[in-house]
Every structure is written in C-alpha cells, then in structure tokens.
Amino acid sequence: MMLSRCRDSAATANEWHMNTTTSLDDRDLAAHGLVLHEPSLLKGSLTFERPAWVFAHRVKASSIGAFSYLNASGTTSVYRARLGRYVQIAESCIIGPPEHPMDWFSNHPFAFTRPEHMPAMYAQEDFARLAPESGSGPAWAEGESETCLGHEAYIGAGSLVKRGVTIGNGAVIGARSVVTRDIPPYTVAVGSPARVIRDRFAAPLVERLQALQWWRYDLAPWKKQVDFSQVEATLAFFEERAASGDLTLLKPPTYRVSTATRGYALETLDSPLFD
C-alpha cells in the first residue's frame, strides 16, 4: 500500500466495538502498546495501532500506525495527521499546523472558527461577542485537509510539515526543513522550502520496495535470517517469502484513546488502520 493520499491510505470499513474502558492511566495505556505521558496535551482523540510511542507531545485528532514514534526529547506538535507504520519524527517538529484563510475579510480566528475549536479563547466575554451564531454552518477550519506521513517516513529534528502535505513512503526530511509541498517516496528533501536533493535508492529498487510493501507483514519471525543493512539481499529474501506465501500480515490491535473525566478512555477497533 502506497500512501499517495491520506484518504487512500487507511482501511475504510473500521467499526467501533461497543467496548470502552475508562479511568485508565499511563501504565494502562502502555499495557495496550501506547506510550503517552501528559493527558492535557492529547486533544480530541488519537487512533493507534500497537505499538506506538507519543510520550509527552501535543497530538490532536490524528492516527498513528504500528511501530511509529515521536522522539522523547523536545516538544513536537501533530495536528490532524495520519502517520503510517514505522514513521519516525525527531525532536521539536510541527506536523500539519492549522492555517488561516488569507483571502478573507479577516484572517483572525473569530472569522473562521467556532467556539468549540478554541474554547479557552471564546470563554472570554469579549471574544464570545464575536463568536458565530449557532446554526451558522460549517467552519472554514473544519474543511482543512489531513497531513499524511507515509510508511517509514523520517522527519528530521526541528522540521515543519505544512497542513495537507503528503510525505511519501520511505522519504527522509532533513533537519530544520519547511515542507510546503508533497515529497515523493524514497527521496531525501531538505531546506526551506524543502526540495528533493536525491533518491534514497535507484529507481528499480524503489519500485520493488513499493511493490513488496514490507510494512504490511510481521517481520519478527525472520529477523535472524536477514541483515537489514544489506538492502538488496534483504529485499530479495522477503520478495521470495512473499511469493511463496510464507509472510504473515501484520494485524496489530488497534485502539482509539481520548481524555476522560478521570484519566483516559480507550475504545477498540475491529480492524487495523492499514490493510
């Protein structure tokens, strides 16, 4: 599966079980495969495949595939983003920050948000006077697109990825880059604005990696039979295993976590985020 666009990247038939557990703490979440410290930084909900590492970073209305992690150091913010499997985000990054309309009468939040989007601001009487009336229709902010990080994408320290951008599978973003446009799979991009400076591998190798979609499989049973530093040999090994039907699809337990009155609430999904 290629994460060419967020809307194509996830299973679309997920249904929630009527299985919700509340009043959970950090240790309970860790037992379900999620490392998450500091509930006040979790906004809305987080959907994740086991395992995932978020630590004490700000995450809002996002989803994270299995084995993806945010570096424990620094302060990273992730807004309305879909992370594939094996995604790596170095310290102090900003992924998919909200934007403001530049062609409106005003680009201030009073013009394009709703009180539920910024409750602390609209709790102030003066801001509340400016709040849109009830029934005034969808807010501009609700129509913003997701940001999508492909499987095994790597985001270097201090980088910013613009809202709505897609980072391809296996792509690498250099430290302190500002990504304003889509980045093709298995390329290296750096700078502000970020530009592709080279490919990670030759085109035929990239085609084979994209065809294999190794992130779909459970690699653990084979780890002693390959040397991951040897790209072509490892790729050939797993291509052979896939052709012979020996590989098992990775089907990690998948959950939705949100803050509750006390601690966290956890719901269970019927199927993984990615097929």
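The sections below set out a description of the structure shown in this document. In this text, all values refer to a predicted model and were calculated from it rather than measured experimentally. (Residues numbered from 1 in each chain as written. Predicted model: local features only at pLDDT ≥ 70, side-chain atom pairs only at ≥ 80, totals over all residues. Heavy atoms only, no water.)

Some points on the pairing of strand 20 (residues 264–269)
Look at any regular strand and the pattern is simple: side chains alternate between the two faces of the sheet. Summarising the sheet, strand 19 (residues 254–259) and strand 20 pair through five bridges and their orientation is antiparallel. Considered in strand 20, the bridge of Tyr255 is made with Thr268. (Pairing = 2+ DSSP bridges. Helix = DSSP H or I, 4+ residues; strand = E, 2+ residues; numbered from the N terminus.)

Some thoughts on the pattern of salt bridges
For the structure shown, the criterion picks out eight salt bridges. Close ionic contact of Glu99 with Lys162 constitutes a salt bridge, the shortest N to O distance being 3.3 Å. Taken together, the residues span a long stretch of sequence, with Glu99 in the loop between strand 10 (94–95) and helix 3 (109–112) and Lys162 in the loop between strand 13 (160–161) and strand 14 (166–167) at a distance of 63 residues. Of the residues examined, Lys162 reaches a relative accessible area of 31% and is grouped as partly exposed. Note that Arg200 and Glu152 form a salt bridge whose closest N and O atoms lie 3.2 Å from each other. Taken together, the positions of Arg200 in the loop between strand 18 (194–199) and helix 6 (203–212) and Glu152 in the loop between strand 11 (147–149) and strand 12 (154–155) put the pair 48 residues apart, joining distant regions of the chain. Overall, the relative accessible area of 26% leaves Arg200 in the partly exposed class. (Salt bridge = Lys/Arg side-chain N within 4 Å of Asp/Glu carboxyl O. Buried < 20%, exposed > 50% of the residue type's maximum accessible area, 1.4 Å probe, protein only.)

With respect to the sheet that holds strand 4 (residues 52–55)
Reading across from one edge, 2-4-6-9-12-15-17-18 is the order of the eight strands in this open sheet, with mixed pairing throughout. Because the sheet does not close on itself, it has two edges, and the strands there are strand 2 (34–36) and strand 18. Here strand 4 pairs with strand 6 (residues 68–70) via two bridges, running parallel. Along strand 6, the bridge assignment pairs Trp53 with Tyr69.

So, the pairing of strand 5 (residues 58–64)
Note: strand 3 (residues 42–49) against strand 5, five bridges, orientation parallel. Residue pairing in the sheet places Thr47 in a bridge with Ser63 of strand 5. Where strand 5 and strand 7 (residues 77–79) come together, three bridges link them in parallel fashion. Considered in strand 7, the bridge of Arg58 is made with Ser77.

Describing the nonpolar core
Judged by nonpolar contacts, the single largest core of 35 residues is most densely connected at Leu34, Leu83, Ile89, Ile95, Ile155, Ile167 and Val257. With three residues, the single largest contributor to this core is strand 3. In contact with Val257, not counting residues within four places along its chain, are Leu29, Leu34, Leu42, Ser45, Leu46, Phe48, Tyr264, Ala265 and Leu266. Of all hydrophobic cores here, the second largest spans 19 residues; its members include Leu209, Trp214, Trp215 and Leu219. (Core = buried A, V, L, I, M, F, W, Y, C linked by side-chain atoms within 4.5 Å. Contact = heavy atoms within 4.5 Å.)

These values are about where atoms sit, not about what they do.
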